[in-house]
Amino acid sequence: MDIVQPTPHLKQALEESTGFQSWLPYQSAQSCCVLIAHIRAENLSIAYHDRLALEAVTLQINKGCITALVGPSGCGKTSFLMSINRLTDLIPGCQVSGRLHINELDVMASSTNLLHLRRQVGMIFQKPTVFPFSIKKNLEIALREHGMHDQATLASTIETALQQVGLWNEVKDRLNQPAQTLSGGQQQRLCLARALVLTPEILLLDEPCSALDPISSGIVEDLIMSLAGRYTIVIVTHNLAQARRMADHVALFWSVNGSGQLLEHGPAQSIFESPQHELTAAYISGARG
Amino acid sequence: MSETSMTVVVWTAATLITFPFLWLVGDLLWHGWHQLSLSFLLFAPQDAGREGGIGPILLSTALIVGVCMTAVMPIGIGTALFLSEYTRNDHLLGRLIRGSLDVLAGVPSIVFGLFGNALFCQALGLGFSILSGGLTLACMVLPILIRTVEESFRAIAHEQRVSAAALGISKRATIQYILLPAAIPGLLVGSILGLGRAMAETAALIFTSGYVDRMPTSLMDSGRALSIHIYDLAMNVAGGNPNAYATALVLVGLLIIINLSASWIAEKWTSFNQLPT
């Protein structure tokens, strides 16, 4: 693997445009070759009814990379993920403080257009959540809502998205059948296609494989890896082997006195091979967590 | 209690409960069947209902029920949406509404009749009319409908709403394109059950839509509903029993059809929703 060494000129230009230390001198993995900050959390804390769930997380997530959020249950990984597209707004009593930027967009600002933000940031959940309609309608609903009405454009966009998730050949003859007739793995890929039709820049994946059988899980995992580079992917997973296979970067969350904290983060290789924190080492070896 | 005696008790109870129903339907068929004919369904009653048919009464009933359902649907769906999508369980206004609906659902229909007479017939000046009757029935049917529809909204998994939000779909569009279509079966079942209740109502209509058995020409005409016709023939008209039986047979037949279709829709939908995932 190559050490990333941007030209000084490019480095300066990027730092000026983003106002952030975008270049980190560590090894890149797989598809992730240019380390440009895409999502920046600074001192991000999340509380539910005054109970702190996540405390002062500062984390940079790079463009086009797969970043895995790992750690034991209840340490705020999903809360962090949901704050990126402000789904935390839907949770009664949830309060987010600190700063979160996607490129130049201040996500937490009250003026942020949430519909626009969520179009830019797609999300997939643990359980496939297809709408109780046909396969085609599942994809059409969001497209129509975002202003696409032309039948021909709709049809071609839907075909492209289904091909992108490898579902087209399996469903092209039954687009009008209920989406619930698909298998779990197919439903999860349909959910992914549903997010991809909106051409997001970021994909948030909350344990996308944990409700699937091993074969479907493998297919979805390969699919996610094939999307890296084109999308910035943030994945919450409890499966360390999966994080090791997929991720360019890993952030380990840990529960300290009942609230989640970011314990350690960095390139996947260094987290897995030379963890700095002893809890990280214990978690990775399976001794803790 | 031994296993056998328990089984006997349960079976006996279940058999006993079907007995009154079978007796009722059997009795109606026995006395009413030979009176039934197409002309009975189409022609106007004569000689205070002893002769002739129930044409105008069927039409009045349909109009009263139509007015009722037209008023009930938008208010019912709107309130159900408010309760399930715009308020949480502990919301003060939500609790107030739920509480008052529970009370309303238990109010005797004669009270609704007097209330309807005071409000629609007198205060609003609609007089004894199909409109007054339909609106009074609407007040009566609303609590049932709202609860059924609210339940069908709540039965939709919360994840659907979160997924929709994650796709940048607005709340309005989520309701319009996802929740309402997904709740249609519940909506249908709720309105069919409400329809059944409205169609069989007597007491609420006596003081609101009135007794007149002529063919109605507008919603402002007084119109006699099926159940009132039965009541009148059986209680006030000597020799009216044969036609009272025939009318009751028509009414019970309609109610059975309505209830069967409600359970058919519910069953269809459940089997559709239980497809392997």
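Keep in mind that this is a model prediction, so the values were computed, not measured. (Residues numbered from 1 in each chain as written. Chains lettered and ligands numbered in written order. Predicted model: local features only at pLDDT ≥ 70, side-chain atom pairs only at ≥ 80, totals over all residues.)

Caption draft 1: Spatial organisation of the overall build of chain B. On a plain count of helices and strands, chain B comes out with eleven helices and two strands. Start at the N end of chain B and walk to the C end: the helices and strands fall as α-α-β-β-α-α-α-α-α-α-α-α-α. Its C-alpha atoms give chain B principal-axis dimensions of roughly 70 × 65 × 35 Å. The proportion of buried residues among the 277 residues of chain B is 39%. The long-range fraction of contacts in chain B, counting pairs at least 24 apart against all pairs at least 6 apart in sequence, stands at 75%. (Helix = DSSP H or I, 4+ residues; strand = E, 2+ residues; numbered from the N terminus. Buried ≥ 20, exposed ≤ 12 C-beta atoms within 10 Å, placed from the backbone. Contact = placed C-beta atoms within 7 Å.)

Caption draft 2: Here's a closer look at the overall build of chain A. Each helix and strand in chain A was counted, giving eleven helices and ten strands. Going through the 289 residues of chain A one by one, you find that 44% of them count as buried. Excluding contacts between residues fewer than 6 apart, the proportion of contacts in chain A whose partners are at least 24 apart in sequence is 67%.

Caption draft 3: Structural detail: the nonpolar core. Formed by 141 residues in total, the largest nonpolar core has its most connected members in A:Ala193, A:Ile233, B:Cys68 and B:Val141. Residue contributions to this core peak at 14 residues, all from helix α6 (residues 130–154) of chain B. Other than its neighbours up to four places away in sequence, B:Cys68 contacts B:Gly134, B:Leu137, B:Ala138, B:Val141 and B:Ala198. (Core = buried A, V, L, I, M, F, W, Y, C linked by C-beta atoms within 7 Å.)

Caption draft 4: Region of interest: unusual backbone geometry. In this structure, A:Asn257 takes a positive phi of about 50° despite not being glycine. As for its placement among the helices and strands, A:Asn257 is situated in the loop between β9 (249–256) and β10 (259–267). On the basis of neighbour counts, which here come to 7 C-beta atoms within 10 Å, the residue A:Asn257 falls in the exposed class. Of note in this structure, B:Ala48 is not a glycine but carries a positive phi near 60°. The residue B:Ala48 is located in the loop between β1 (45–46) and β2 (51–52) in this model.

Caption draft 5: Looking closely at the interface of chain A and chain B. If you look at the interface, chain A gives 27 residues, while chain B gives 18 residues. Put simply, the parts of the chain that give the side of chain A that touches chain B at least two residues each are α3 (114–120), α4 (135–145) and α7 (184–196) of chain A.

Caption draft 6: Representation of the packing of α4(A) against helix α5 (residues 151–164) of chain A in the model. Residue and element names in this part refer to chain A. As a packed pair, α4 and α5 sit with axes 10 Å apart at the nearest point and diverge in direction by 115°. In the crossing of α4 with α5, the sense of the turn from one axis to the other is right-handed. Residues Lys 136, Leu 139, Glu 140 and Leu 143 of α4 form the contact with α5, whose own contacting residues are Leu 154, Thr 157, Ile 158 and Ala 161. Here the contact of α4 with α5 is composed, by residue class, of five nonpolar, one polar and two charged. (Axes fitted to C-alpha atoms, helices over the stretch in contact; angles between N-to-C directions. Left-handed = near helix turned anticlockwise from the far one by under 90°. Nonpolar A, V, L, I, M, F, W, Y, C, P; charged D, E, K, R; others polar.)

Caption draft 7: Broad picture of the environment of B:Thr18. Considering the arrangement of structural elements, one finds B:Thr18 in helix α1 (residues 3–32). Distance in space between the C-alpha atoms of B:Thr18 and B:Ala166 is 51 Å, their sequence separation being 148 residues.

Caption draft 8: The arrangement of the pairing of strand β3 (residues 66–70) of chain A in detail. Residues and elements named next belong to chain A. Within β3, five of the five residues are buried, which leaves it mostly tucked inside the rest of the structure. Side chains of β3 alternate between two faces, with Ile 66, Ala 68 and Val 70 and Thr 67 and Leu 69 buried alike. In this structure, β3 lies alongside β9, joined through four bridges in parallel fashion. Looking at β9, one finds that Thr 67 is bridged to His 249. (Pairing = 2+ DSSP bridges.)

Caption draft 9: The arrangement of the confidence of the model for chain B in detail. All names here are of chain B. In this model, chain B carries an average pLDDT of 89, and 97% of its residues clear a pLDDT of 70 or more. For chain B, helix α11 (residues 241–273) is the element with the lowest average pLDDT, namely 84, and helix α5 (residues 109–123) is the one with the highest, namely 94. For this predicted complex, the interface confidence comes out at an ipTM of 0.82, alongside a pTM of 0.78. (pLDDT = per-residue confidence, 0-100.)

Caption draft 10: Broad picture of helix α11 (residues 278–285) of chain A. Residue and element names in this part refer to chain A. The complete set of buried residues in α11 reads Thr 280, Tyr 283 and Ile 284. Taken around the axis of α11, the buried residues stretch over an arc of 95°, which confines them to a single face. When the buried face of α11 is taken as reference, the exposed residues oriented beyond 90 degrees from it are Glu 278 and Ser 285. Here the buried face of α11 lies against α9 (240–246), β9, β10 and α10 (268–273). Following α11 by one or two positions, Gly 286 has its phi on the positive side, about 90°. (Arc of directions from axis to C-beta.)

Caption draft 11: Representation of the pairing of strand β7 (residues 202–206) of chain A in the model. Residue and element names in this part refer to chain A. Counting buried positions over the five residues of β7 gives five, a clear majority of the element. Alternating positions in β7 separate into two faces, Ile 202, Leu 204 and Asp 206 on one and Leu 203 and Leu 205 on the other, with burial throughout. Relative to β7, strand β6 (residues 121–124) runs parallel, the two being bridged by four bridges. The residue bridging Gly 122 from the neighbouring strand is Leu 203, located in β7. Viewed along the sheet, the connection from β7 through helix α8 (residues 214–227) into strand β8 (residues 232–236) turns out right-handed. (Right-handed = clockwise from strand over helix to strand, strands pointing away.)

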